[in-house]
Amino acid sequence: MKEMPITTRDVARELARKYSTMTHNELDVLESILVPMRYGKGEMILREGEVCENIYYIERGLVRQFYFKHGKQITEHLGEDHTIFMCIESLFKEEPTRIQVEALEPTLVYALPKRRLEEVAIRNVNIQMLYRKILEESLIISQVHADLVRFETAQARYQMMCKRWPQVVLRAPLVYIASYLQMTPETLSRVRATTLM
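Analysis parameters
- Residues numbered from 1 in each chain as written.
- Predicted model: local features only at pLDDT ≥ 70, side-chain atom pairs only at ≥ 80, totals over all residues.
- Heavy atoms only, no water.
- Pairing = 2+ DSSP bridges.
- Helix = DSSP H or I, 4+ residues; strand = E, 2+ residues; numbered from the N terminus.
- Axes fitted to C-alpha atoms, helices over the stretch in contact; angles between N-to-C directions.
- Contact = heavy atoms within 4.5 Å.
- Parallel < 35°, antiparallel > 145°, perpendicular 65-115°, else oblique.
- Nonpolar A, V, L, I, M, F, W, Y, C, P; charged D, E, K, R; others polar.
- Buried < 20%, exposed > 50% of the residue type's maximum accessible area, 1.4 Å probe, protein only.
- Arc of directions from axis to C-beta.

### Points about the sheet that holds strand 6 (residues 83-85)
In space, the four strands of this open sheet follow the order 1-8-3-6, with antiparallel pairing throughout. Each having just a single partner strand, strand 1 (35-39) and strand 6 make up the two edges of the open sheet. Going across the sheet, the axis of each strand differs from the next one's by a mean of 30°, ignoring polarity. In this structure, strand 3 (residues 54-60) lies alongside strand 8 (residues 107-113), joined through six bridges in antiparallel fashion. Across the sheet, Ile55 pairs through a bridge with Leu112, a residue of strand 8. Here helix 1 (residues 8-19) sits on the sheet in contact with strand 3, strand 6 and strand 8, set at roughly 105° to strand 3.

### Some details on the packing of helix 1 against helix 5 (residues 125-151)
The geometry of a pair of packed helices is captured by two quantities: the angle between their axes and the separation between those axes. Helix 5 packs onto helix 1 with a crossing angle of 70° between their chain directions and a minimal axis gap of 9 Å. As judged from the angle between their axes, helix 1 and helix 5 are roughly perpendicular. The residues of helix 5 that touch helix 1, namely those facing Leu15, Ala16, Lys18 and Tyr19, are Met129, Leu130, Lys133, Ile134 and Glu137. Residues that form the contact of helix 1 with helix 5 fall into these classes: six nonpolar, no polar and three charged.

### Quick notes on the environment of Leu46
The topology assignment puts Leu46 in strand 2 (residues 44-46). Spatially, the C-alpha atoms of Leu46 and Glu80 are 16 Å apart, while their sequence positions differ by 34 residues. Leaving out residues up to four positions away in the same chain, Leu46 has contacts with Val51, Cys52, Tyr56, Cys87, Thr97, Gln100 and Val101.

### Section: the pairing of strand 7 (residues 100-103)
For a regular strand, the rule is simple: side chains alternate between the two faces of the sheet. Here strand 7 shows two buried faces, one formed by Gln100 and Glu102 and the other by Val101 and Ala103. In the sheet, strand 2 pairs with strand 7 via two bridges, with the strands oriented antiparallel. Opposite Leu46, over in strand 7, you have Val101 as the bridge partner.

### Regarding helix 4 (residues 114-123)
Among the residues of helix 4, those classed as buried are Lys114, Leu117, Val120 and Ala121. Summarising the axial view, the buried residues of helix 4 lie within an arc of 135°, below the 170-degree limit, and thus occupy one face. Turned more than 90 degrees away from the buried face of helix 4 sit Arg115, Ile122 and Arg123, all of them exposed.

Spelled out as structure tokens, the structure:
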């Protein structure tokens, strides 16, 4: 059986189910602002120095957000199918970002342009709710990551990641998982070895 191609309407429905209830009219409005974007493996979605103008919804694929510190790449976020990502500071201050976003697999994202989203949110209370829920989710994800590296042992960090994001653990290169968990690839290998025992 051939898989049906995904439509912008399907994505609008997915977002509505996940974040807010919507009338047919509101679904039409949400669908009208969604912008599909495809990226190949290794392609950059956002580069350092660009301004992040969108909230992105990953329909299919895997992305990583990272930055450079002392010449080293530090992974800040790994996003998978049906999740949201953005460079929040750049998005709201409308300033160039230091965070970069790369597709780790062939990836289909739907952009929600912030300006359009805010325009339609003024007139549509459920879209306003969706916007708020997306921002809440983004802040919670950042907090979870901060707490993970702040309070947990290397072992606990990895186990929590396996529980919360099993697909990311299976699909992302180990070097990026290690960086996200703020450990060396060697430490991650040891932790994985003891976890698998």
